[in-house]
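# Analysis of the macromolecular model
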Amino acid sequence: MGEVVATIKLMPKSPEIDINKTKEKVERSIPDDAELYKIEEEPIAFGLVALKVMVIVGDAEGGTEKVEENLSNIEEVSNIEVVDIRRLI
Amino acid sequence: MAKEKEHMNLAFIGHVDHGKSTLVGHLLLQSGIIAEQQLAKGEDKFRFVMDKLQEERERGVTIDLAHARFDTPKYEFTIVDCPGHRDFVKNMITGASQADAAVLVVAADDGVMPQTKEHVFLARTLGIGQLIISINKLDLVKYDEEKFNQLKEDVSALIKTVGYDPSKIDFIPMSAFVGDNITKASENTPWYKGPVFTQSLDKLSAPEKPTDLPLRVPVQDVYSITGVGTVPVGRVETGIMKRGDEVIFEPPGVGGEVKSIEMHHEMLEMAEPGDNIGFNVRGVGKNDIRRGDVAGHTDTPPTVAKEFTAQIVVLQHPGAITVGYTPVFHCHTAQVACTFMELQKKMDPATGEVKEENPDFLKTGDAAVVKLKPTKPMVIERIKDIPHMGRFAIRDMAQTVAAGMCIDLVPAK
Ligand SMILES: Nc1nc2c(ncn2[C@@H]2O[C@H](COP(=O)(O)OP(=O)(O)OP(=O)(O)O)[C@@H](O)[C@H]2O)c(=O)[nH]1
Ligand SMILES: [Mg+2]
């Protein structure tokens, strides 16, 4: 089975959230069958900072579904969007 | 300073095992992206590199390679090797990294297969206007010209059905494994007089920045920020937004003057396609707008559809889709349940022939033209008018049931 790397953008609930705490929660939210590669900060506007999370999942049923669900459930996260998806060679 | 080359995203699609990764690997090797110094003399270079990649434990290397860029004389390309599983289709439709062209890989020993058809439909649905066809694994059919011509005909018939013009598309006989016709003409195919793969890449047209289209900014989220007020956040899909412009949000129909725009925490005078911005509009409150609404200029407002006609392809449905079915449509940032009002035609994905007028049901693998009615107001545009706003994924039972594009609509006002 091949592997897919997904880049998922997390929008914060507000500019005031604790970004480091959110990152820790992201680390704990990755399901067992997925692998966290890295988390980057992307400043948006008016103090809002998004997180870009790169995760590796199998090219298989379910896709990024479980990862998306877990990340959406983080309290400080308002919504998420998969902005890039590609196979690893 | 040398003029910067224009950049393109190139998607690799095709049936499982037809050789997409092998072609990507060989292309990167021949363009020098995969370093050659690790290779011993006389070794089967390609096999060596592929083996090495496969056992590569260093994540960074494989991830960088998946985002690697390579140059042809005219362009700089980033390759996107597309996931094979259908569950990723939703991400590819709503995601940001739109491919500018696709390479369809078809193995000569296997021919047109189900995923070949599906990917062709998806490429069209994703708005990819340019294709290159790699007829691969020609080594397995003794580089037979007849075989190549036969497949060229089969694939031409297939792509014609979704509106590609085969006479404008390059079909290249290749062996991704041996490396034929990737960067130089192969002695194995003396009968082939067309361009090699990298020449074909240079014949592609550069993507147009959709700045000439009407402004569309689908709202991703809405914030209330102290000292600023209400701040909708989203990616500019088309058009240009300038400070001072009069904008309107649809479906709610509220609007006003753009007071400020920021990106990367910096003030902008104007924002263009691809920019992820937060902006502030005079008179628009936090409760007036929400995710899924779309901002546009007041004189070219986003279209709210009362009904729309779509071409869809059913990717996976456990039963049958009939009139009355109301799954959730994911279109830009909106998620709206829409009801199937009419099943107008069912087409054979392999030939494009209308198989049935007014079919009773649709099932997995069918392509069809259908009429839909959103259960609440929704912004969608004709694919011809604003391609970025006309495609959608249909989701039900946590699966992507179908993908499609809006080909016509009845505006709500
Ligand atoms: N003989 C021959 N074998 C090839 C050629 N291209 C690929 N193969 C072989 O076909 C198999 C599949 O190749 P891949 O490149 O992994 O195919 P793919 O399309 O990326 O497959 P998925 O990513 O799993 O869908 C491998 O064993 C390759 O070595 C070719 O031109 N000739
Ligand atoms: Mg592959």
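Residues numbered from 1 in each chain as written. Chains lettered and ligands numbered in written order. Predicted model: local features only at pLDDT ≥ 70, side-chain atom pairs only at ≥ 80, totals over all residues.

### Points about the overall build of chain A
Within chain A one finds 2 helices and 4 strands. Listed by position from the N terminus, the elements making up chain A come as β-α-β-β-α-β. In terms of overall dimensions, chain A is globule-like: its C-alpha atoms have a radius of gyration of 13 Å, near the 12 Å expected for 89 residues. Projected onto its principal axes, the C-alpha coordinates of chain A cover approximately 40 × 20 × 15 Å. Here chain A holds 89 residues, and the buried ones make up 38% of them. (Helix = DSSP H or I, 4+ residues; strand = E, 2+ residues; numbered from the N terminus. Rg over C-alpha atoms; globule rule 2.2 N^0.38 Å. Buried ≥ 20, exposed ≤ 12 C-beta atoms within 10 Å, placed from the backbone.)

### Observations regarding unusual backbone geometry
Residues and elements named next belong to chain B. Residue P251 is bonded to the preceding E250 through a cis peptide linkage, with omega at 0 degrees. Positionally, P251 belongs in the loop between β10 (246-250) and β11 (254-263). Phi is positive for H265, which is not a glycine, with a value near 65 degrees. With respect to the helices and strands, the residue H265 is situated in the loop between β11 and β12 (266-268).

### Some thoughts on the sheet that holds strand β3 (residues 49-58) of chain A
Sheet strands line up and pair through hydrogen bonds in the backbone, either parallel or antiparallel. Residues and elements named next belong to chain A. Judged by pairing direction, the sheet is antiparallel, and its 4 strands sit side by side in the order β2-β3-β1-β4 without closing on themselves. The sheet is open, and its two borders are formed by β2 (35-43) and β4 (77-87), each paired with just one other strand. Across the sheet, the mean angle from the axis of one strand to that of its neighbour is 20 degrees, orientation sign disregarded. Bridge analysis of strand β1 (residues 3-12) against β3 gives 8 bridges, and the strand direction is antiparallel. Looking at β3, one finds that I8 is bridged to V53. (Pairing = 2+ DSSP bridges. Axes fitted to C-alpha atoms, helices over the stretch in contact; angles between N-to-C directions.)

### Remarks on the confidence of the model for chain B
This prediction gives chain B a mean pLDDT of 90; 92% of its residues lie at or above 70. With pTM at 0.89, the complex prediction returns an ipTM value of 0.92. (pLDDT = per-residue confidence, 0-100.)

### Looking at the environment of T303 of chain B
All names here are of chain B. Positionally, T303 belongs in the loop between β15 (294-297) and β16 (305-314). According to the C-beta neighbour criterion, T303 is buried, with 27 such atoms within 10 Å. Other than its neighbours up to four places away in sequence, T303 contacts V379, I380, E381, L409 and P411. (Contact = placed C-beta atoms within 7 Å.)

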